[in-house]
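Residue-level structure breakdown
The primary structure of each chain is shown beneath.
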Amino acid sequence: MTDKSAEQSRDFYRQDVKVGVYVCHCGGNISDIIDVEDVARDLSDYPGVSVSRNYIFMCSSTGQGLVEEDIRTKGINRVVIAACSPALHELTFRGTLERAGLNPYLYEHVNIREQGSWVHKSNKKAATEKSKKLIRAAVEKICRQNPLEAIRVNAARSIAVIGGGVAGMSAALSLGRQGFNVYLIEKENRLGGKLNSLWKAYPSEEDGEKTLEELEKDISSLNNINIYLESEVKKIDGYVGNFSVEIVKKGSPEKIKVGALVITTGYVHYIPFEGEYAYKTTKKVVTLPDFIEMLKDDEKNGSLKNVKSVAFIHCVGSRQNPSLDKPQKDEKVNDYCSRTCCTSALFRIKQLLEKYPDKKIFDFYRDIRTYGLQHESYYEELSKKGVLFFRYPEDTRPQVEVKGDKLEVKSKDILTWNEEVSVEVDMVVLLTGVMPADISVIVDDLKLPIGSDRFILEAHPKLRPVEVPNLGIYIGGTAQAPMDLLEAAYGGKAAASKASMLLSKGEISLDPFVASVNPELCDGCEKCIGECLYPGAIVMENGKAKVIPALCKGCGACAAVCHTRAINVAGYSLEQIDAMVEAISKE
Amino acid sequence: MAIKVNPGLIEEIKKYGAFDISACFNCGNCTAVCPLSKEKMSFPRKIIRHGQLGMATSVQSSLEPWLCYYCGECSDTCPRQAEPGEYMMSLRRYLIAKYDFTGISKLFYTNKYAEFIAIFIVQLIVLAGWYLLFGLVPNIGVNTTAATLLPPYIIHWYFDVPMAAILTIFIIAFAFNMYYKTMLCDKSVKVPLKLYFTNLWRTAFESASQWRFSDCAGSKTFYSKLLKGDYNYWIMHFILMTSYVSLFVGIVFFLDWFQNVEKYRLLHVVLYDYYANIGLIAGTGYFAFLRIKKNFSRSKFSHVSDWMFVILLFLTAITGISLHFARVDNYSLQAFFYIYLIHMLVAIPMLVVEVPFSKWSHLVYRPMALYFDNLKKSARKLK
């Protein structure tokens, strides 16, 4: 666990500290408000500072060149850059230091744009003074900074894909083709998940069975994909590069070691409560999955021949309202949109009408959300074919009543100026939404973040769409959000590519900002373990606390509760924090 | 009371021409762009929805279709190409069929051949009458003149008067039916008797000038409309209508005087020889041209009844003019005899079939709808 660049770097523990301070104008973003020249001049006299400059764009190659030049010629061995948010350019300047032969962690980034010029536009003087204080604190901190080394952990070139639906199969296939050792874990006795019941699916109208067969053929052609059918995950522990997964396969337990996890556990259908839209009180009220089965059956037996009219009700179990709808076990209603039901329903109606053009179809919707490419054409085509649409207001629900051998659907209709309309039909199809499958074992063991709608929450919806904050765990498919077949396949492949990027080198480098315990000061009170958010990151060894670096996220919760001040977070030591506070509070 | 949905109605209306209206998703663009739609009398969206839901009573009691002049703005801006303008046109056909309790209009509109057969039957009747009165070969003696060969009073009493009587009876009956459906059945507003008189002059002016047509045009000011040709349709329609009405009145009610060129010669020449004849030929030519070119929404879809209307009117005009020349220039009594027969074989079926049962009935229903709408508006103001 050593870093070559750290060995070769020009800094030594006992050498004189020479800090270089660089104040960026950000092309006016900062310098229009903050007097950057004054700031640079002020810092040049500060103890420990050898060079203090200001420049229009520090991130430009010339700006970075200034830093490199000072390191080489003036012996600068600590760098403070006062500029934008570190989220934007911290990595840029670490690279600058590394190129000049300095340990990249001997650098502190001060945000005087988001936390300075942008928020203090009305008070330029105070903004300038604030910047000076922040930079002084950074100088104090970096003077007390030791060179750090990135943590390297060995990673197994194997991956567990949990859930063998279309997302999981896509992920497994893509990882398998890249040569990883893949464990594909599926609780049913066949791969495919919901693909097994989709029958002819939009948009290509290809039979789900056929898609599944092709995927299965491709997967079975690769002998580095191990398929675990009728298997369930019982326990997961370990950390990135070294996860251990306990599986029960057909009743017998088994343990596998993997470097990363791909979670594609999918969804379950919303099941209406008894009496919800007359569900279960009559067999003529069915759900969308039931209706798909009926269509499938009709192809062979013509079983829908005598159904002359059908009403479809959208948003059953989706976009619910606590004052109108019954909650789930967790006391919450499903207030999200299930996304796929609109297109799926319209597509199924189209299938029905293609065989029976004379059937009368009534569609009760809240909004038609046919969001996909060309999905809107189903809506348009069905309108033209005479399907009658009704839009019910969000604060009402259509009512279904059994009237002899018919069903009566009553609803307010926005398109008819909120008048109540009623239709008599032979059958009602409830367009039931989706809910994430129950994966509480995995969620608890891995401390996965769960959104308010019970789906797994990604780290960032746009920038990190298939990641969670914990490294080495990737998500895909409908475990994350309602999505259709194509999107689930994309999600699986995206998760696979993230996992392969992580594991392709055989080792993983992690930020060195982790906690460490000084055993001499530790009295073994275990308060830190109680406070730690990351299971297994602190363990007790010979009566003393010990940090497992690969699991630690450097949050500092343990350091805060340690009454003997035995715990320090690298890069944020107690000494450094004390010095910063002092520098800021000094007048 | 919940509205009971009946998907059959829209299918029935579609038989009158509105093939695309199911595509409507009720966005309301059509009503927003319609230059004639008003808050209290808004169309076409509302009546489209009523049609889709199958609210037959409400559709049959509506005046809106008659207040639309089919400028085509709605169809041009419809995001679903549902052709709302054509729907309004089809509703007019549907309403004509509904006001007509005999079922004849419905047959004409929904059966491709019915109108042709009806015209043929009337022709046979005319031919039979002609045969009984004058024979099929002219009996020309030395002293025979046009007036003695085919005396106007015989034509008047044996052809014009019976035909006018038939037309009048049907039209009054249908018009009363319209009054019943649109006024008596509408309980939302009660019209005091006085308003029936005070609104007469206004309706008369609006009907005669067809003032609403002027609102249909696209651009803003009078001159820019005139120069851009936005008024062309209105002007041509006005000329055609006045030509037709003046000839109809002259021939049906004052045939004797009509055929006596010497009396009021100047009026005769200016009104009939020039204005009416040119108006009929140019008008029918113009509308036929538009229907062939299909550049505008309102001329894009042509029902059999639309063509029948234009073609019969054109033929009537041509044979009428030929007849006039044959009589005035006295060239051949033989020719005069046959041209007159042909003219009668075109004009009488046209009037009997088209006026009460087909497109020409709008000559009656449109002014009535304007009148009723004005009545309702004034009655609402009184409240």
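Residues numbered from 1 in each chain as written. Chains lettered and ligands numbered in written order. Predicted model: local features only at pLDDT ≥ 70, side-chain atom pairs only at ≥ 80, totals over all residues. Heavy atoms only, no water.

1. A word on the overall build of chain B
So the rule is basically this: Only DSSP runs of H or I reaching four residues or more are called helices, and only runs of E reaching two or more are called strands; each is numbered from the N terminus. Our radius of gyration is a C-alpha quantity, and the globule rule it is checked against amounts to 2.2 Å times the number of residues to the power 0.38. Accessibility here uses a 1.4 Å probe with only protein chains present; expressed as a share of the type maximum, an area under 20% marks a residue as buried, one over 50% as exposed, and anything in between as partly exposed.
For chain B, the helix and strand inventory stands at 21 helices and one strand. For 383 residues, the compact-globule formula gives about 21 Å, and the C-alpha radius of gyration of chain B, at 23 Å, lands near that figure. Projected onto its principal axes, the C-alpha positions of chain B cover 80 × 45 × 45 Å. Sorting the 383 residues of chain B into buried and exposed places 55% on the buried side.

2. What about helix α7 (residues 166–177) of chain A?
Count 3.6 residues to each turn of an α-helix, and residues three or four apart come out pointing the same way. All names here are of chain A. Where we set the bar: The span one expects for a helix is its residue count, reduced by one, times 1.5 Å. We call two residues contacting when some pair of their heavy atoms lies within 4.5 Å.
Taking 1.5 Å of rise per residue, the twelve residues of α7 would be expected to cover 16 Å, and the 16 Å separating its terminal C-alpha atoms lies within 8% of that figure. With eleven of twelve residues buried, α7 lies mostly within the body of the structure. Within α7 the residues assigned to the buried category are V166, A167, G168, M169, S170, A171, A172, L173, S174, L175 and G176. Buried residues along α7 sit in contact with β6 (158–162), β7 (181–185), α8 (208–220), β10 (225–228), β14 (260–263) and α13 (485–503). Trailing α7 by a residue or two, G179 shows a phi angle of about 90 degrees, which is positive.

3. Topic: the nonpolar core
How we decide: By nonpolar core is meant a set of buried Ala, Val, Leu, Ile, Met, Phe, Trp, Tyr and Cys residues that side-chain atoms within 4.5 Å join together.
Residues Y87(B), W130(B), M178(B), F336(B) and Y340(B) are the most contacted members of the largest nonpolar core, which totals 111 residues. Sort the elements by how many residues they give to this core and helix α20 (residues 333–357) of chain B lands first, with 16 residues. Excluding its chain neighbours within four sequence positions, the residues that come into contact with Y87(B) are I10(B), I13(B), A18(B), I21(B), I47(B), I48(B) and G51(B). Within the second largest apolar cluster, 53 residues are counted, among which are V182(A), L212(A), A260(A) and A545(A).

4. A few points about the domain arrangement of chain A
Residue and element names in this part refer to chain A. How we decide: Residue ranges for the domains originate in an automatic or database domain assignment. Using a 1.4 Å probe, buried area is obtained as the accessible area two parts lose upon being combined, added over both of them. Salt bridges are defined by distance alone: a side-chain nitrogen of Lys or Arg within 4 Å of a carboxyl oxygen of Asp or Glu. The definition of a polar contact used here is a pair of N or O atoms within 3.5 Å, where within protein one atom must be able to donate a hydrogen and the other to accept one, and adjacent residues in sequence count solely through side-chain atom pairs. Gly is placed with the polar residues, together with every amino acid not listed as nonpolar (Ala, Val, Leu, Ile, Met, Phe, Trp, Tyr, Cys and Pro) or charged (Asp, Glu, Lys and Arg).
In terms of domains, chain A is made up of domain 1 (3–149), domain 2 (158–266 + 437–508), domain 3 (270–434) and domain 4 (514–569). For domain 2 versus domain 4, the distance between C-alpha centres works out to 33 Å. At the interface, six residues of domain 2 touch six residues of domain 4. Taking both sides of the interface into account, the surface hidden between domain 2 and domain 4 amounts to around 440 Å²; carbon and sulfur atoms contribute 72%. Of all residues in domain 2, Y239, K447 and N470 give up the largest surface area on contact with domain 4, accounting jointly for 69% of the area buried on that side. Where domain 2 packs against domain 4, one counts zero salt bridges. Counting across the interface, domain 2 meets domain 4 through zero residue pairs in polar contact (both at pLDDT 80 or more). By residue class, the composition of the side of domain 2 that touches domain 4 is three nonpolar, one polar and two charged.

5. Details of the interface of chain A and chain B
Contacts between chain A and chain B engage 23 residues on the former and 20 residues on the latter. Both faces considered, chain A and chain B share a buried interface measuring about 1,700 Å² in area, 58% of it formed by carbon and sulfur atoms. Interface area lost by chain A to chain B is led by L388(A), L415(A) and W417(A), which between them contribute 29%. Here chain A and chain B share one salt bridge between them. D413(A) is the salt-bridge partner of R49(B), the closest N and O atoms lying 2.6 Å from each other. Taken together, chain A and chain B are joined by eight residue pairs in polar contact (both at pLDDT 80 or more). Of all the elements in the fold, those that place two or more residues in the side of chain A that touches chain B are β18 (360–365), α11 (376–384), β19 (388–391), β21 (406–413) and β22 (419–425) of chain A. Each residue belonging to the side of chain A that touches chain B can be placed in one class, and the counts come to ten nonpolar, four polar and nine charged.

6. Let's talk about the pattern of salt bridges
In this structure the tally under the stated criterion is 51 salt bridges over all chains. One salt bridge in this structure joins K14(B) and E11(B), with 3.6 Å as the shortest N-O distance. With K14(B) and E11(B) both in helix α1 (residues 8–14) and three residues apart, the pair spans about one turn of that helix. The class for E11(B) is partly exposed, based on a relative accessible area of 33%. Salt bridges sharing partners connect three or more residues here, namely E205(A), K350(A), E354(A), E381(A) and K385(A).

7. Description of the sheet that holds β19(A)
Across a sheet, paired strands are connected by hydrogen bonds in the backbone, their directions being either parallel or antiparallel. All names here are of chain A. Note the following rule: Any two strands with at least two DSSP-identified bridges between them are counted as paired. A fitted line through C-alpha atoms represents every axis, and for helices the fit uses only the stretch in contact; the resulting angles, taken between N-to-C directions, go from 0 to 180 degrees.
Here we have five strands laid out as an open sheet, ordered β16-β23-β17-β18-β19, and parallel in their pairing. What marks the edges here is a single partner per strand, and that holds for β16 (285–287) and β19. On average, each strand axis in the sheet is inclined to that of its neighbour by 20 degrees, with strand direction left out of account. Sheet strands in contact with helix α10 (residues 341–355) are β17 (309–316), β18, β19 and β23 (427–432), and its direction is about 175 degrees off that of β18.

8. Quick notes on the packing of helix α3 (residues 61–74) of chain A against helix α4 (residues 86–99) of chain A
Residues and elements named next belong to chain A. How we decide: By convention, the crossing between two helices is left-handed when the near helix turns anticlockwise from the far helix through less than a right angle, and right-handed when the turn is clockwise.
Interhelical geometry of α3 versus α4 gives an angle of 35 degrees and a closest axis separation of 9 Å. Our pair here, α3 against α4, has a crossing hand that is right-handed. On α4, the residues touching Q64, V67, E68, I71 and R72 of α3 are T92, F93, T96, L97 and R99. The residue inventory of the contact of α3 with α4, partitioned by class, reads four nonpolar, three polar and three charged.

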